[in-house]
Amino acid sequence: VPNLKTDSIFLYGGNIVVNCEKKILRTVLGSCVAVCLYDPEKALGGMNHYLLPLWNGEGLPTPKFGNIAIEQLVELMTSSRYGCRHCDLQAKIFGGASIMGDRSAGHNVSQRNVNIAFNALAKTGIEIINSDVGGNQARQLHFYTHSGDVYMKRVTKG
Amino acid sequence: MITEHSGATDITSNPVEKTREQLQTEMQVMEQKLVMMNARLIESEQSKSVFLAKVRNEINNPLTTLLFFAQELSQYESDDPKQVRQMGSTIYRDMFILNLQLQNIIVSSELESGVLELSPRNVNVRNLMQECISGMEILSRGSKKLNVTLQIDQELCDTPFFVTDPDKLKSILDNMIANAIEYTPKKGTITVESWRSAEQLFIKVRDQGSGIFSGDQNRLFDRFRQVNKLPSGSHKGHGLGLSLIKGVTEFLGGVVLVDTVMGKGTTFTVNIPEYISEYDKEHQRLKNGTNFTDDELSDDMELF
């Protein structure tokens, strides 16, 4: 079992990490969304963490946008480097909380972030086996890349 | 479902009617938004045309000087090194001005179109300021023989690192100094001061110009609008510098203050907050208001 202090990688918004070693990918999600992909055949996993739903065509198409982050994560895992097959991949989706309350309600970024994850994954044909999205509490995630387990904790206001 | 009261249909409780009304309201709101958007687009298009016409002038003027001196130099028959050096120096100065103006035009158009990107790094502010001042020597030392002094607060000297976008900060500084050079009379002094307070960086540039009329202060930061501060009106400025200082400072989350005394000079003070990433903000907020810990795997974590 990987050690949280020595074998973990923290993902900031706009990061994508795929790892075939025993690692824990950690992140904290508010309105952001993280998609965890796991290949049980190869026992490797990858995760992204995006802030906004769609790239609007301006500036660089970075993985801080959901459509780009999901596409890049799938491409990376199915590339010759990792060699995963679409049919083997399993997805788990987390995040998209409305933690800003009414202030972000107008833009509905959190809900749009969640929608893009489900829509983009549906197009790729990757099975979504679990998810915990929405609500109004931030989430803390630990994704074990060798087992595909995701430990999640809702961050409650003290 | 339709509810009937004394034979009459109550429309308000009809879900279809309700949805229709709701959709109509939404459509009206969308329509209003479209009208507003259209007005903004027309306005933007007009200002873009003005901008382009001005830009053409800004580039043409220094280019004419450059062409003239380059041609002179290529046909120059005397081997007097002093004169050659003088021509070279003029070409360099004009190239420097042209470069500054082109940078300003690029940053301004990026600011205008909202595509300016923030690239924060840990910046050594002391070194950056020294670099800016020595880079400007071609303008300050030249024929004006100005004295530019730099005063950096002890705290900032000891801890000169500040998280911000170095290119944007340099752009602000270059323009503040260029503006002061423009308006300070020959052999005058320009004072650049800098200090930090908590997570704020302050930069103050004081010139010895003639000051700004109070009536002109409101339009000081307007793009391509020059306030005629010199009695002769003979300044070479490009009318973009101050609007850029304001725009870029605000882009970094800061403010610009102006303090002017007629006949004595003008002081521009820029105040920029240290950059904190969205993630750090969220992290900090969670830490402050919650029982959040990310140090160890908690027992209360749910498995998915």
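Novice: It is not clear to me how the overall build of chain A should be interpreted in this structure. Could you clarify?
Specialist: For chain A, the helix and strand inventory stands at two helices and nine strands. Going residue by residue from the N terminus, the α and β elements of chain A occur as β-β-β-β-β-α-β-α-β-β-β. Residue burial in chain A is summarised as follows: out of 158 residues, 49% are buried. At a minimum sequence separation of 6, the contacts of chain A that also span at least 24 residues come to 63%. When the accessible surface of chain A is totalled, it reaches about 7,200 Å², and 47% of it is carbon and sulfur.

Novice: Before we go on, may I ask you to explain the side chain of B:Thr267 in this structure?
Specialist: All names here are of chain B. Relative to the helices and strands, Thr267 resides in strand β9 (residues 265–273). What makes Thr267 buried here is its relative accessible area of 10%. Beyond its immediate chain neighbours, meaning those up to four positions away, Thr267 contacts Lys204, Val205, Arg206, Leu257, Val258 and Asp259.

Novice: Any chance you could explain the confidence of the model for chain A here in plain terms?
Specialist: As a note on interpretation, predicted positions should not be read in detail where pLDDT is low. With 91% of its residues at a pLDDT of 70 or more, chain A has an overall mean of 87. Taken element by element, the predicted model of chain A shows its lowest mean pLDDT in strand β1 (residues 8–10) of chain A (86) and its highest in strand β4 (residues 33–39) of chain A (97).

Novice: Quick question: what am I supposed to make of the packing of helix α1 (residues 66–77) of chain A against helix α2 (residues 109–124) of chain A here?
Specialist: Between two packed helices, the angle of one axis relative to the other and the distance separating the axes together describe the packing. Residues and elements named next belong to chain A. As a packed pair, α1 and α2 sit with axes 10 Å apart at the nearest point and diverge in direction by 35°. Considering how the two elements wind past one another, α1 and α2 form a crossing that is right-handed. From α1, Gly66, Asn67, Ile70 and Val74 reach across to α2, where they touch Ile116, Ala117, Ala120, Leu121 and Thr124. Here the residues of the contact of α1 with α2 are counted per class, giving six nonpolar, three polar and no charged.

Novice: It is not clear to me how the sheet that holds β1(A) should be interpreted in this structure. Could you clarify?
Specialist: Paired through their backbone hydrogen bonds, the strands of a sheet run either parallel or antiparallel. Judged by pairing direction, the sheet is mixed, and its five strands sit side by side in the order β1(A)-β3(A)-β8(A)-β9(A)-β10(B) without closing on themselves. Edge positions in the sheet fall to β1 of chain A together with β10 (302–303) of chain B, since each has one partner strand and no second. Pairing geometry for strand β9 (residues 150–155) of chain A and β10(B), over two bridges, is antiparallel. In the sheet register, A:Met152 faces β10(B), and the bridge partner there is B:Glu302.

Novice: Looking at this model, I keep getting lost on the pattern of salt bridges. Mind explaining?
Specialist: Opposite charge on two side chains allows them to pair when their charged atoms are near. All names here are of chain B. Inspection of the entire model under this criterion finds 12 salt bridges over all chains. A salt bridge links Lys168 to Asp165, with the nearest nitrogen and oxygen atoms 3.0 Å apart. Of the two residues examined, Lys168 and Asp165, each falls in the buried class. With a shortest N-O distance of 2.8 Å, Asp174 and Lys170 are connected by a salt bridge.

Novice: Explain the environment of A:Phe118 here, please?
Specialist: Residues and elements named next belong to chain A. Position of Phe118 relative to the elements: it lies in helix α2. On the basis of relative accessible area, Phe118 is assigned to the partly exposed category, the value being 29%. Phe118 sits 83 residues away from Val35 along the chain, and the two C-alpha atoms are 9.7 Å apart. Filtering out sequence-adjacent residues up to four positions away, Phe118 remains in contact with Ile93, Ile128, Ser131 and Val133.

Novice: In this structure, what is going on with the sheet that holds strand β2 (residues 15–19) of chain A? I would like to understand it.
Specialist: Residue and element names in this part refer to chain A. If you walk across this open sheet you meet the five strands as β2-β5-β4-β6-β7, and the pairing is mixed. Two strands in the sheet have a free side with no partner beyond their single neighbour: β2 and β7 (127–133). Mean inter-strand twist for the sheet, computed between neighbouring axes without regard to direction, equals 10°. Of the strands in this sheet, β2, β4 and β5 (44–49) touch α1, which is tilted by about 160° from β5. Sheet strands touched by α2: β4, β6 (90–95) and β7. Its angle to β4, the strand with the most contacts, is close to 25°.

Novice: Hey, could you run me through the packing of aromatic side chains in this one?
Specialist: Geometrically, a pair of aromatic rings is defined through the distance of the ring centres and the angle of the planes. Within the structure shown, the criterion is met by six aromatic pairs over all chains. Centroid distance A:Tyr144 to A:Tyr151: 5.5 Å. Interplanar angle 75°. Geometry classified as edge-to-face. Looking at A:Tyr151, the relative accessible area reads 23%, which means it is partly exposed. On the basis of an interplanar angle of 65° and a centroid distance of 6.4 Å, the ring pair of B:Tyr92 and B:Phe96 is categorised as edge-to-face. In this pair, B:Tyr92 and B:Phe96 are both assigned in helix α2 (residues 81–113), four residues apart and thus about one turn of the helix distant.

Novice: Any chance you could explain α2(A) here in plain terms?
Specialist: Two residues of an α-helix separated by three or four positions point the same way, owing to the 3.6 residues in each turn. Residue and element names in this part refer to chain A. Here α2 is 16 residues long and its end C-alpha atoms lie 23 Å apart, about the 22 Å a rise of 1.5 Å per residue gives. Every buried residue of α2 is accounted for by Val109, Ser110, Asn113, Val114, Ile116, Ala117, Ala120 and Leu121. Looking down the long axis of α2, one finds its buried residues gathered within 160° of arc, a one-sided arrangement. Along α2, the residues that are exposed and aim more than 90 degrees away from the buried face are Ala122 and Lys123. Taken together, the buried residues of α2 touch β4, α1, β6 and β7.

Rules of the game
- Residues numbered from 1 in each chain as written.
- Chains lettered and ligands numbered in written order.
- Predicted model: local features only at pLDDT ≥ 70, side-chain atom pairs only at ≥ 80, totals over all residues.
- Heavy atoms only, no water.
- Helix = DSSP H or I, 4+ residues; strand = E, 2+ residues; numbered from the N terminus.
- Buried < 20%, exposed > 50% of the residue type's maximum accessible area, 1.4 Å probe, protein only.
- Contact = heavy atoms within 4.5 Å.
- Areas by Shrake-Rupley, 256 points an atom, 1.4 Å probe, with all protein chains shown as cover.
- pLDDT = per-residue confidence, 0-100.
- Axes fitted to C-alpha atoms, helices over the stretch in contact; angles between N-to-C directions.
- Left-handed = near helix turned anticlockwise from the far one by under 90°.
- Nonpolar A, V, L, I, M, F, W, Y, C, P; charged D, E, K, R; others polar.
- Pairing = 2+ DSSP bridges.
- Salt bridge = Lys/Arg side-chain N within 4 Å of Asp/Glu carboxyl O.
- Phe/Tyr/Trp six-rings, centres within 6.5 Å; stacked < 30°, edge-to-face > 60°.
- Expected span 1.5 Å × (residues − 1).
- Arc of directions from axis to C-beta.

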